[in-house]
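Working through the structure, step by step
The chain contents come next:
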Amino acid sequence: MNNGHVNQAMRCLRGLAAGFFERVQAHNPGVSCEIVEVSPRDTDTPIPTDCDLYLSSGGPGSPFDGEGEPWTRDFARLVDGVVESAIQGGVHRRALFAICYSFELVVHHYRLADVVPRADRKFGVMPIYTTPAGQQHPLLSPFGDRLFAFEHRNWEAVNLDERRLRSFGGQLLARESRDGISKGRAILGLQVAPGVEAVQFHPEADRAGVMSWVARPEQAAAFKAAYGEVTYLAMLRTLDDPRRLARTYALVIPGWLGRCFNEIAGPRGYAELPPLEDDPCTRFNAHCSGEESAAPSARSTGSGDRVAREI
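Computed from a predicted structure; not experimentally measured.

For the rest of this paragraph, the subject is the overall build of the protein chain. For the protein chain, the count of helices and strands is 11 helices and 10 strands. Burial statistics for the protein chain: of 311 residues in total, 56% are counted as buried. Summarising the internal contacts of the protein chain: among those between residues at least 6 apart in sequence, 77% fall at separations of at least 24. When the accessible surface of the protein chain is summed, it comes to about 12700 Å², and 51% of that surface belongs to carbon and sulfur atoms.

Written out as structure tokens, the structure is:
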């Protein structure tokens, strides 16, 4: 969903998918894994519907830019199809994880909240506050009441319709403030419906990617102007703390991939993956060079089955 823009996120997502495939094959030597990328916003390439796991990336741009265009209808059909498959369960179950721009698309599609422009850009490594439901949900349960993640957004979802969210089987998992107000009103994490989880922040961001961004003079100056020199230096220290951004990178998406794989493993006769070790240090710098573009869709095949895709 990055509309053809070069960024670090796609490198990170590819690295996370590659690490997941290694785990799958270590426990299932006969399963071959394939990653396939589509970039529907700038190419109108149809989003394939025959994969198992979808990672849908960040932007840039307004979540309303493509209103009424073929790719937005295609994305809506995909999300609805994933939910239907998850409700049915079994061998054809699919799952989707939506990040930032894709989070906004999903929230708008299901009319769960107001998606509105921010008064100013929010960017940098920020605290994400989990709700009581988020602290019990497997996506965020390793983190207690707070985790740290990279944010870069001009839009946000506010005024959550909790009754409507519950009607889809969803839950509010994370927000911008502990009290929902003092540091900002944004919704940052949702279990949207069966098979669909979504976050406004960037759990795919690694230290190398964030450093390549915050080291740019214009970005450093903008951050300091917005948040101050002290906060900028604190952010740099956070990048070297394995308990913060490193854990988010190592546990959120890898945990989601492993958990969703295990939901289809039984019906397909695969061996389940063991839980992740909570030891981010060895993995945090594993994929740390080069900027790449395009938006991935990951596909994995085992006996004709596709396991993951990024959009």
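That covers the picture; the talk isn't over yet.
Our focus in this paragraph is unusual backbone geometry. Its identity is not glycine, yet C100 carries a phi of approximately 55°, on the positive side. Counting through the fold element by element, C100 comes out in the loop between β2 (95–99) and α4 (101–109). The exposure class of C100 is buried, given its relative accessible area of 5%. Its identity is not glycine, yet N159 carries a phi of approximately 60°, on the positive side. Looking at the element boundaries, N159 is found in the loop between β4 (146–158) and α6 (162–167). On the basis of relative accessibility, which here comes to 47%, the residue N159 falls in the partly exposed class.

You can see E197 is positioned in strand β7 (residues 196–199). Within the structure, the side chain of E197 is placed 2.9 Å from the side chain of R259, a separation counted as a polar contact. Discounting chain neighbours no more than four positions away, the residues touching E197 are L96, F97, A98, H137, L139, L190, Q191, W256 and R259.

Attention now moves to helix α10 (residues 245–268). Over its 24 residues, α10 extends 34 Å from the first C-alpha to the last, a length consistent with the 34 Å expected when each residue adds 1.5 Å. Maximal helix bending in α10 amounts to about 30°, located at G255. Taking burial as the measure, the 24 residues of α10 include 20 buried ones, the bulk of the element. After α10 finishes, the residue G269 shows a positive phi value of roughly 80°.

What counts, and at which threshold
- Residues numbered from 1 in each chain as written.
- Predicted model: local features only at pLDDT ≥ 70, side-chain atom pairs only at ≥ 80, totals over all residues.
- Heavy atoms only, no water.
- Helix = DSSP H or I, 4+ residues; strand = E, 2+ residues; numbered from the N terminus.
- Buried < 20%, exposed > 50% of the residue type's maximum accessible area, 1.4 Å probe, protein only.
- Contact = heavy atoms within 4.5 Å.
- Areas by Shrake-Rupley, 256 points an atom, 1.4 Å probe, with all protein chains shown as cover.
- Polar contact = N/O pair within 3.5 Å; in protein donor to acceptor, adjacent residues only side chain to side chain.
- Expected span 1.5 Å × (residues − 1).
- Bend = angle between axes of the 7 residues up to and from the residue.

Structural measurements only, silent on function.
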